Amino acid sequence: MSDPILVIRDLHASVDGKPILRGVDLDIPKGEVHAIMGPNGSGKSTLASVLMGHPSYEVTEGTIKFKGQEVIGMAPDERARLGMFLAFQYPTEIPGVPLSAFLRSAVNSVREEDISPREFIQQLRTDLELVGLDQSFGRRNLNEGFSGGEKKRAEILQLALLKPELAILDETDSGLDIDGVRIVAEAVNRLKSPEIGFCIITHYTRILNFTSPDVVHILLGGRVVKSGGRELADHLEEVGYDAVKKEFGYTSDEAEVEEAPQS
Amino acid sequence: MSAITELSIEDFVAGSPDWLAELRRGAWKRYGELPYPEGREEVWRFTDVKALHPDNFRLLPPDAAPGATPRLEALDLAGVSSAGRLVHVDGSTVERQLSDEARSKGVILCDLETAVREHAELLRPRLGSLVGADDPHTALSLAAHHGGTFVYVPKGVELKEPFQALHWLSASGALVLPRTVVIIEDGANVVFNDVYDSDAIDTPTLAAPVTEMFIGANARVGWVTWQDWGAGCKHLAHVRAHLDRDALLNTLVVTLGGDFSRTWKECTLAGEGAQSYMYGLYFSHGDQRFEHWTLQDHVAPNTTSDLLYKGALSDTSQALYYGTIHIRPNARKSNAYQANRNLALSSHARALPNPQLEIENNDVRCTHGATVGKISDEHLFYLGSRGIPPEEARRLIVFGFFNQVLEQVTWSGMHERLADAIRAKMEGQQA
């Protein structure tokens, strides 16, 4: 196992003064796929947003080190340029901005040198194919009028183009039919390399049937309560979240923290 | 002594043929009779009307020598090729060009004074017929107008390249009153750029241009009004168009410059099947105040109007939109749409949309809407999460906001000029 690229220690975060993360510890090395599983309200999406620096969340304690650098206090674009990436649960529609123009701007922002137009077009064509989107999507406005599944695929498209060193997927599998889940998982499998770590946040185990995680973490009440191998996900699938909550001494209510609504 | 009374109407009448002398004297009399607005009137209740009083400015005598040479490259929107070009400086016409193609097809493009001498049969029935002596400013315009453009495009003539009229202003403290008369005959198809530009001027200066447009049956006309006056200028423009049967008019008002700018754009859909597409794009900064007043006047049945004005506002600037859809009793089966969208880039900028409907026939489709938004934190977070820095993210969002209007602008050169103008505004605003 290589040194972890992401090291989270005792991370506490709140929104509008309400604590949601209550001491998260997590290590993700490059080249590994980690799954973070948890019931509704366990703090999964908050963790994703806090990692990427969403301005609505306040980190009250702890550290997030990425490639050895503290990222708390860094703007989202600085984190992205450092190599972090978040695939959104609910990708934002931006009217009038063509997907291709946005992608070129993004690629040029994270790369040291601007990509040549020819290379960009080739890369875009390849990656649209990878995620199963029609070539015409490049001309469409960013997420505007995309179906739920198309939005998720467009997130993976961005992941493929931006080549981050840490990819956080926030419930990318939610709301997808089984074909959609398979396409996302296969894209992840193809992008997997010793150069990238994956953090797949999910409610369901089905994406894990297509892309096998090296480590599974269970998030409850704003903390990682258990980590293990693939078998942990299978166990969860078998007994359900309520049994796990009980196992860790939570009543249903205690385990649920209110998450800030995403728009 | 007020600036206006230093000159007498006879200075403007001198050399005019009888019909024009009569028109000017009548309008002068009217100007003297009309009370100056007090600011309580509906059309002035949002505006500092005192600052626009003609007495605050210096009316230029008709024989005044034109001022400084304009920066033509700043004005030229068509690039190298145009069907014809006029350059007006402080109300005097300093350059006239017409392409051989346009000339051979019988097109006339000249300054209004030449049209008075040479094309009175075309001009006389129309001058002042759409924009008359309705209020002090239009009355003064009819009485003392000087400079401006005359365009005549005969039946069926189609020209790909645009005409351009370029208005440059350098006389500080002046009041300039150009009048433009446009006659597009049946089935003709042309595009026109009407451009207003200047450097910054130290004393308040007022341009009050009037444009009267007569569009024949089945004609297709593209018309751009581009206002980018320097600081110190005020702009009070009237553009009124009359559309015959199945005519199609595509207008774009671009407002970027000056301290104060009010552009009235009014389209009368007088012939059945006439269509008017009215676009607006504005970007205010500093303490600029822009006003856009529009009228979609549906007189005939089966007429269509579709209006979209979009504007961004930064710093402490203000933008008023006041638009009326008027469906007359006979205008059954008409479609009228009106939307005004504002993007406030600063919490001190103020957009004031004010849509109005007057519907006198129930067998019509009519929608209107107005919004004032700001750049959302979620949008910035999303773009930021892709590595795009905040300034670049804002630029993408602002261009995206304007895109709906930009994609309507298909003629050559204009798209790039608009993009440059938006970019310049965004850079200025961050400085």
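Preceding this paragraph is the structure being described.
Residues numbered from 1 in each chain as written. Chains lettered and ligands numbered in written order. Predicted model: local features only at pLDDT ≥ 70, side-chain atom pairs only at ≥ 80, totals over all residues. Heavy atoms only, no water.

Engineer: In this structure, what is going on with the overall build of chain B? I would like to understand it.
Structural biologist: Scanning chain B from terminus to terminus reveals 10 helices and 22 strands. Relative to its length of 431 residues, chain B is compact, with a C-alpha radius of gyration of 21 Å against a globular reference of 22 Å. Projected onto its principal axes, the C-alpha positions of chain B cover 70 × 50 × 50 Å. When the 431 residues of chain B are sorted by exposure, 62% land in the buried category. For chain B, restricting intrachain contacts to residue pairs at least 6 apart in sequence, the fraction spanning at least 24 positions comes to 84%. Only carbon and sulfur atoms are counted for the fraction: they give 48% of the accessible area of chain B, which is about 16,100 Å². The positive charge centre, built from 40 side chains, and the negative charge centre, built from 55, are 4 Å apart in chain B. (Helix = DSSP H or I, 4+ residues; strand = E, 2+ residues; numbered from the N terminus. Rg over C-alpha atoms; globule rule 2.2 N^0.38 Å. Buried < 20%, exposed > 50% of the residue type's maximum accessible area, 1.4 Å probe, protein only. Contact = heavy atoms within 4.5 Å. Areas by Shrake-Rupley, 256 points an atom, 1.4 Å probe, with all protein chains shown as cover. Lys, Arg positive; Asp, Glu negative; His and termini not counted. Charge placed at Lys NZ, Arg CZ, Asp CG, Glu CD.)

Engineer: Where do I start with the interface of chain A and chain B in this structure?
Structural biologist: A common way to state how big an interface is: give the accessible area lost once the parts meet. Every contact between the two is made by 33 residues of chain A and, on the other side, 18 residues of chain B. Together, the buried faces of chain A and chain B total about 2,000 Å²; carbon and sulfur atoms form 65% of this surface. Together, Asp77(A), Phe88(A) and Ile94(A) form the three largest contributors to the area buried by chain A at its contact with chain B, with a combined 22%. Our enumeration of links across chain A and chain B arrives at one salt bridge. Between Arg386(B) and Glu155(A) there is a salt bridge, with the nearest N and O atoms lying 2.5 Å from each other. (Buried area = accessible area lost by both parts, 1.4 Å probe. Salt bridge = Lys/Arg side-chain N within 4 Å of Asp/Glu carboxyl O.)

Engineer: Can you help me understand the sheet that holds strand β8 (residues 197-202) of chain A in this one?
Structural biologist: Residue and element names in this part refer to chain A. Read from one edge to the other, the open sheet built from six strands follows the order β6-β7-β8-β3-β9-β10, with strand pairing classed as mixed. Sheet topology places β6 (84-87) and β10 (223-228) at the edges, where each strand pairs with a single neighbour. Across the sheet, the mean angle from the axis of one strand to that of its neighbour is 20°, orientation sign disregarded. Pairing geometry for strand β3 (residues 33-37) and β8, over five bridges, is parallel. Bridged to methionine 37 within β8 is threonine 202. Docked against the sheet, helix α7 (residues 230-247) engages β3, β8, β9 (215-220) and β10, running at close to 10° with respect to β9. (Pairing = 2+ DSSP bridges. Axes fitted to C-alpha atoms, helices over the stretch in contact; angles between N-to-C directions.)

Engineer: Help me understand the environment of Thr205(B) in this model?
Structural biologist: Residue and element names in this part refer to chain B. Relative to the assigned elements, threonine 205 resides in strand β10 (residues 205-207). Residue classification places threonine 205 among the buried positions, given a relative accessible area of 0%. When the C-alpha positions of threonine 205 and threonine 114 are compared, they lie 26 Å apart, and in sequence the two are 91 residues distant. Once you skip the residues sitting within four places of it in the chain, threonine 205 turns out to touch Phe57, Leu169, Ala171, Ser172, Gly173, Ala174, Gly232, Cys233 and Lys234.

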